[in-house]
Amino acid sequence: MEDRPITLSSTLPNTPASPEESNSVLHIWGGSPLSGHVTVSGAKNSALVIMAGALLCPQECRIRNVPFLVDVSRMGEIIASLGVRLERQADSLTMDASHIAQSKAPYELVSQLRASFFIIGPLLARLGVARIPLPGGCAIGARPVDLHVRGLQAMGADVQIDHGMVYANVRGAARRLQGARIYLDYPSVGATETLMMAATLADGETILENAAQEPEVVDLANFCRAMGARIRGAGTNTIVISGVPSLHTADYAIIPDRVEAGTFLVAGAITRSEISLAPVVPDHLTAVIAKLQAMGVQILMEGPNRLRVVSAQRPIATDIETLPYPGFPTDMQAQFMALLTLSEGDSVITETVFENRLRHVAELSRMGADIRVKGNHAIVRGVPLLSGAPVVATDLRASAALVLAGLAAQGQTTIQGLHHLDRGYENLDLKLQKLGARMLRTSGSADVDKVLTPH
Ligand code: EPZ
């Protein structure tokens with residue numbers, strides 16, 4: 001019997017990691033095959049924007065299948081700071097934005113969560129005014145919001161940026177946004193969502209051209225329609241919103257997280273295992289499944305919302321280029337890079353969405369990967385083995401890539417910077433442990449040797 005670490009707990013906690021837990025270290029002993037079934041949580045990138053969308057509603061709304069993530073907690077703090085009541089019961093969130101006490105979000109909260117900028121559209125639509133700190137950049141890029149701002153200006157908002165603060169006011173006596181025809185220079189997910197939310201209560205029709213088509217955009221549109229918004233074309237590159245005077249209560253369940261699901265598919269592939277996962281929406285994973293199949297990994301449909309990944313041999317190299325949906329998702333690039341480092345042959349990974357999303361290369365190289373970066377391309381030469389090493393996560397999806405590499409590497413990998421991981425994955429370490437991964441999360445200071453009890 002291999003020396004498997006003690007299992008921390010059989011039931012998964014339903015609270016996001018606390019700050020001290022996020023300062024902890026993840027120890028992974030690679031080489032164990034995985035088996036069993038994993039439950040996929042609700043989509044982070046739906047939950048964050050739909051929480052903002054509930055600000056459009058002057059009545060109570062219930063949002064279900066909300067994941068327990070640090071980012072969701074932070075979004076809740078932002079919304080509560082506006083004087084909006086919200087309550088969490090298990091995986092449901094009840095929000096009552098009947099009265100929004102103020103239109104200014106605090107810098108110390110916004111600076112921790114870029115997605116908090118999503119509240120600008122609903123605040124302008126409801127109150128005609130918003131004061132939002134300019135969201136800073138992050139590890140993966142500058143993350144500008146010019147497309148959001150230009151679109152709101154086209155809808156009749158006066159938007160000034162001064163000393164890092166975005167001051168927005170709706171002109172005119174009625175202080176109501178006006179429908180407009182807006183062409184997005186880039187199919188930005190966030191800009192599409194901001195403008196779609198703003199347009200739900202605008203006077204007249206808004207047409208968003210070259211709009212983002214991500215499933216989370218469709219999820220937001222479906223939530224807004226559940227509140228009585230009139231939206232057509234979500235999921236295509238042209239979305240038409242006809243403004244209504246007000247919205248009403250809704251009870252809405254968000255979609256499963258396609259990036260978490262994709263991460264588990266890669267976990268099965270990189271450990272040459274067989275695991276199943278549900279719920280998933282297979283159509284949201286078309287590009288990811290196609291690439292895994294091109295690498296020789298079997299992906300089986302076990303039901304309308306259940307997949308099984310089967311991998312028994314070394315993956316075959318393939319090229320990846322990240323693109324707006326339905327292209328290959330940038331949020332899966334780091335995870336695929338981890339898998340490609342162990343594949344047969346050479347792969348070229350091209351990151352076209354963010355300007356600085358190859359920072360996981362350095363840490364993967366410390367584990368023995370052979371990767372050369374040239375501009376926004378990473379040339380990955382497959383190696384037969386990775387070796388465990390101490391590594392530091394730089395951003396959310398890079399941290400997932402290091403966990404995946406650690407699962408396959410020979411020996412022990414210790415990962416610091418888990419606060420990145422806890423922003424976007426609900427109990428990833430515990431879910432992997434339940435699949436048989438040999439890993440242990442300890443506080444930064446704990447001495448693992450004393451904790452491990454070999455069986
Ligand atoms: C959303 O970010 C997601 N975040 C990201 O997920 C995801 O990677 C990204 O969409 C692309 O799919 C949330 O939904 C909370 P964009 P967003 O606007 O909206 C440029 C994760 O790991 N741009 O589509 O910020 C921008 O700089 C996160 O879960 C402008 O130039 O993405 C980037 O290069 C990471 N001006 C490109 O567009 C703007 O006004 C794509 O950004 C807006 C964006």
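Each value, and the rule that gives it
Residues numbered from 1 in each chain as written. Predicted model: local features only at pLDDT ≥ 70, side-chain atom pairs only at ≥ 80, totals over all residues. Heavy atoms only, no water. Near = heavy atom within 4 Å. Polar contact = N/O pair within 3.5 Å; in protein donor to acceptor, adjacent residues only side chain to side chain. Areas by Shrake-Rupley, 256 points an atom, 1.4 Å probe, with all protein chains shown as cover. Helix = DSSP H or I, 4+ residues; strand = E, 2+ residues; numbered from the N terminus. Nonpolar A, V, L, I, M, F, W, Y, C, P; charged D, E, K, R; others polar. Domains from an automatic or database assignment. Contact = heavy atoms within 4.5 Å. Pairing = 2+ DSSP bridges. Axes fitted to C-alpha atoms, helices over the stretch in contact; angles between N-to-C directions. Buried < 20%, exposed > 50% of the residue type's maximum accessible area, 1.4 Å probe, protein only. Buried area = accessible area lost by both parts, 1.4 Å probe. Salt bridge = Lys/Arg side-chain N within 4 Å of Asp/Glu carboxyl O.

Further remarks concern the site of the ligand. Around the ligand, the surrounding shell holds 22 residues, and the nearest of these are Asp 146, Leu 147, Ser 188, Asp 331 and Val 353. In the model, an oxygen atom of the ligand is placed 3.1 Å from a nitrogen or oxygen of the Asn 45 side chain. The contact in question runs from a nitrogen atom of the ligand to an N or O atom on the side chain of Asp 146, over 2.7 Å. Contact with the protein chains removes 87% of the 820 Å² of surface that the ligand exposes when unbound. For the shell around the ligand, the secondary-structure elements that each account for two or more residues are helix 2 (44-53), helix 6 (146-154), helix 7 (189-199) and helix 13 (396-408). Grouping the constituent residues of the shell around the ligand by class yields nine nonpolar, five polar and eight charged. Counting contributing residues per domain, the shell around the ligand is built from domain 1 (9-41 + 256-450) and domain 2 (44-253), each supplying no fewer than three.

Locating Gln 333 in the fold gives a position in helix 11 (residues 333-340). Discounting residues that sit within four places of it in the chain, Gln 333 has contacts with Thr 322, Phe 328, Ile 349, Glu 351, Arg 357, Leu 358 and His 360.

Bringing the sheet that holds strand 4 (residues 85-89) into the picture now. As summarised here, the arrangement of the four strands in space is 4-5-3-13, forming an open sheet in which the pairing is mixed. Each having just a single partner strand, strand 4 and strand 13 (251-253) make up the two edges of the open sheet. Averaged over all pairs of adjacent strands, the angle between strand axes in this sheet comes to 15 degrees, irrespective of strand direction. Of the pairings in the sheet, the one linking strand 3 (residues 60-64) to strand 5 (residues 92-96) comprises four bridges and is antiparallel in character. Paired with Arg 62 across the strands is Thr 94, a residue of strand 5.

Right, let's get into the pairing of strand 5. Here strand 5 lies mainly inside the structure; five of its five residues are buried. Burial along strand 5 is two-sided: the face carrying Ser 92, Thr 94 and Asp 96 and the face carrying Leu 93 and Met 95 are both buried. Strand direction decides the pairing type here: strand 4 and strand 5, joined by five bridges, are antiparallel. If you follow Arg 88 over to strand 5, its bridge partner there is Leu 93. The hairpin turn running from strand 4 into strand 5, its antiparallel successor, is two residues long, and Ala 90 in that turn takes a positive phi close to 55 degrees.

On domain assignment, one finds that the chain holds domain 1 (9-41 + 256-450) and domain 2 (44-253). On a C-alpha basis, the centres of domain 1 and domain 2 stand 30 Å from each other. Counting residues at the interface gives 28 residues for domain 1 and 22 residues for domain 2. Of the roughly 2100 Å² buried between domain 1 and domain 2, counting both surfaces, carbon and sulfur atoms make up 55%. Inspection of the region where domain 1 meets domain 2 yields two salt bridges. Among the ionic pairs, Asp 71 bridges to Arg 423, the shortest N-O distance being 2.8 Å. On the surface where domain 1 and domain 2 come into contact, there are nine residue pairs in polar contact (both at pLDDT 80 or more). Going through the elements one at a time, helix 13 and helix 14 (418-424) are the ones with two or more residues in the side of domain 1 that touches domain 2.

The next subject is the pairing of strand 19 (residues 370-374). Bridge analysis of strand 19 against strand 20 (residues 377-381) gives five bridges, and the strand direction is antiparallel. Its bridge partner being in strand 20, Lys 374 is matched across the sheet by His 377. Remark: two residues form the turn of the hairpin made by strand 19 and strand 20, two consecutive strands paired antiparallel; Gly 375 in that turn has positive phi of roughly 65 degrees.

Two modes of strand pairing occur in sheets, parallel and antiparallel, and in both the strands are linked by backbone hydrogen bonds. Pairing within the open sheet is mixed, and its four strands lie in the order 17-18-20-19. Where the open sheet ends on each side, the last strands, each with one partner, are strand 17 (320-321) and strand 19. Contacts between helix 11 and the sheet are confined to strand 17, strand 18 (346-350), strand 19 and strand 20, with strand 18 contributing the most and set at about 170 degrees to the helix.

With that settled, consider helix 7. With ten of eleven residues buried, helix 7 lies mostly within the body of the structure. Among all positions of helix 7, only Gly 190, Ala 191, Thr 192, Glu 193, Thr 194, Leu 195, Met 196, Met 197, Ala 198 and Ala 199 are buried. Where helix 7 begins, the capping side chain belongs to Ser 188, and its oxygen is found 3.4 Å from the backbone nitrogen of Gly 190.

Tracing the sequence through the fold places Ala 362 in helix 12 (residues 360-366). Under the relative-accessibility criterion, Ala 362 is labelled partly exposed at 46%. Between the C-alpha atoms of Ala 362 and Val 391, which are 29 residues apart in sequence, the distance is 9.3 Å.

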